[in-house]
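# Per-entry structural report
Given next are the chains, with one letter for each unit.
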Amino acid sequence: MQEVLSLKQARRIALAAQGLDKVRPAGPVTARAVGRTFDRLQLVQIDSVNVLSRSHYLPFFSRLGNYDRAILARMAGTHPRRMMEYWAHEASFIRPDHFQDLVQWQSRKWVGAHAMDPELRSGVAARVLEALAAGPPMTAAELTARLGHVEDRQLDNWGWNWNAVKRVLEHLFEAGLISAASRTDSFERRYTLTAKVLPERRAADPDAADAGPDPAAALVRLIDAAARAHGIGTLRCFADYFRTPLRASATAMEHLLETGRLLPVTVTGWKTPVYRHTEAKLPRAASGRALLSPFDSLVFERRRLERLFGFHFRLEIYTPEDKRRYGYYVLPFLLRDGIVARVDLKADRANGLLLAKAAYAEPGAPADTAVELAAELQLMAEWLALDGVIVFPKGDLAQALADAVSGAGTGVSAQREQA
């Protein structure tokens, strides 16, 4: 007989798999703790929006609290690397052991040089590879200056206006021949040969013989990793984690079912077939608290989020301001085993303030939502080296949140008192 789980039990499995079911550890956050968290998540999505913080920093704050962001730079930029950049869910930091598997299954031809004249593309690629082999890591602008500007701009490529060097760089990045050695302060990639990022990795990897060129085996490993990261979910949930093709992912999942890595389960109210990874834990209770990035892996798959938590979430960055329902950069607020509120946040770095521009409670939010959210905002302000929190008078939770912020006795302030 299949295991029958309540919706709350399924939530707790998902939260435990993502490291969000417990109160954060006390004391300073070590590099080892950051590394363990990344190993659990398998990847963190990258996004350039910096209205609050770069998105790849936020999942570690959500799970660990106040940590040193320089740890991530060391993990991604020094040997032996614990993380590297590649296409996964979207542009992401991934575990290096997933790289060879992802190269076989990622196809983002729209970002590269596939539509370029083949002769021009191969000529620029040869010069790029030669320059990166002989020299240090370089940005696209530095390589353009080194090689000379090669014009091949395509204005119809949904607004992107890259020259040929940049397009070839993305083409080589997708092919796995070059990687990001690091990022500049302005978040530009410094490109180098992948062989320099992962020197002799395949030979040193005990799983190298199994990794091989077999695409089917590669996809089995990716779906297994996705299922471990989710704990519980549907085929679509697991395929979405690394953005692998649905039909091929179904074949991989059948293999995992046959070998006992996945188990079919029944979740009350969830009509789509659901599967639980054999390593997934079911905690007796969930006691965590976290503000979640719009790009957090818990909220990757919006249908899964709504089924599990009853939380409808859409990113409104690209929605005209007068048509936004909740705000520009809205973070869901997780409290214990529910997503109970959402808050539109901005870091006002010039004035040293964390701005809660709007705050909304979810139906049935517990009575302590505002107090817990105020404490979380204060922790985030400290992590971002900001002096205080200002709550704007917008949203049905705003007044209670402003009262909680004002009553915290930590020198934070509330906008409603100034309005």
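As a starting point, this report considers the structure included with it.

## Quick look at the sheet that holds strand E7 (residues 232-233)
- Strand order in the open sheet formed by four strands is E1-E8-E9-E7, and the pairing between neighbours is mixed. Each end of this open sheet is capped by a strand with a single partner; those strands are strand E1 (3-5) and E7.
- As defined by bridge partners, E1 adjoins strand E8 (residues 262-267) across three bridges and the pair is classed as parallel. Bridge pairing in E8 places Val 4 opposite Thr 266.
- Sheet strands touched by helix H1 (residues 7-17): E1, E7, E8 and strand E9 (274-277). Its angle to E1, the strand with the most contacts, is close to 95 degrees.
- Here helix H12 (residues 215-230) sits on the sheet and contacts E7, E8 and E9; the angle it forms with E9, its principal contact strand, is near 90 degrees.

## Description of the pattern of salt bridges
- One pass over the structure, following the stated rule, counts 20 salt bridges.
- In this structure, the salt-bridge partner of Arg 228 is Asp 224, at a minimum N-O distance of 3.2 Å. One end of the pair, Arg 228, and the other, Asp 224, are both in helix H12, four residues apart, so they sit about a helical turn from each other.
- Overall, the relative accessible area of 8% leaves Asp 224 in the buried class.
- In this structure, Arg 243 and Asp 240 form a salt bridge, with 3.1 Å as the shortest nitrogen-oxygen distance.

## A word on unusual backbone geometry
- Following His 79, the chain continues into Pro 80 via a peptide bond in cis, with omega recorded as -10 degrees.
- Structurally, the position occupied by Pro 80 is in the loop between helix H4 (70-77) and strand E3 (84-87).
- Unlike most non-glycine residues, Gln 42 shows phi in positive territory, near 75 degrees.
- Relative to the helices and strands, Gln 42 resides in the loop between helix H2 (31-41) and strand E2 (43-45).
- Located in the positive-phi region is Ala 385, a residue other than glycine, with phi close to 60 degrees.
- Residue classification places Ala 385 among the exposed positions, given a relative accessible area of 63%.

## Examining the nonpolar core
- Ranked by internal contacts, the top residues of the largest apolar core, which has 103 residues, are Leu 52 and Met 380.
- Ranked by residues supplied to this core, first place goes to H12 with eight residues.
- Leave out the neighbours within four places in its chain, and Met 380 touches Leu 52, Leu 58, Phe 61, Leu 291, Leu 331, Leu 345 and Leu 354.
- Counting 28 residues, the second-largest nonpolar core is a separate cluster that includes Leu 5, Val 274, Phe 311 and Ile 339.

Reading the values: the criteria
Here the residue numbering is sequential within each chain, running from 1 through the sequence in written order. Side-chain atom pairs in this predicted model are given and counted only at pLDDT of 80 or more, local residue features only at pLDDT of at least 70, and totals for whole chains, interfaces and linings cover all residues. Think of the side-chain values as coming from all heavy atoms in the structure, minus any hydrogens and water. Strand pairing requires that DSSP identify at least two bridges connecting the strands. In this text, helices come from DSSP runs of H or I with a minimum length of four residues, and strands from runs of E with a minimum of two, each type numbered from the N-terminal end. In what follows, residue pairs with any heavy atoms lying within 4.5 Å of each other are defined as contacts. A fitted line through C-alpha atoms serves as each axis, taken over the contacting stretch for helices, and the angle formed by two N-to-C directions is quoted from 0 to 180°. Definition used for salt bridges: Asp or Glu carboxyl oxygen within 4 Å of a side-chain nitrogen of Lys or Arg. Note on exposure labels: buried denotes an accessible area under 20% of the residue type's maximum, exposed denotes more than 50%, and partly exposed covers the range between, all computed with a 1.4 Å probe on protein chains only. Among buried residues, the Ala, Val, Leu, Ile, Met, Phe, Trp, Tyr and Cys ones that are joined through side-chain atoms within 4.5 Å form a nonpolar core.

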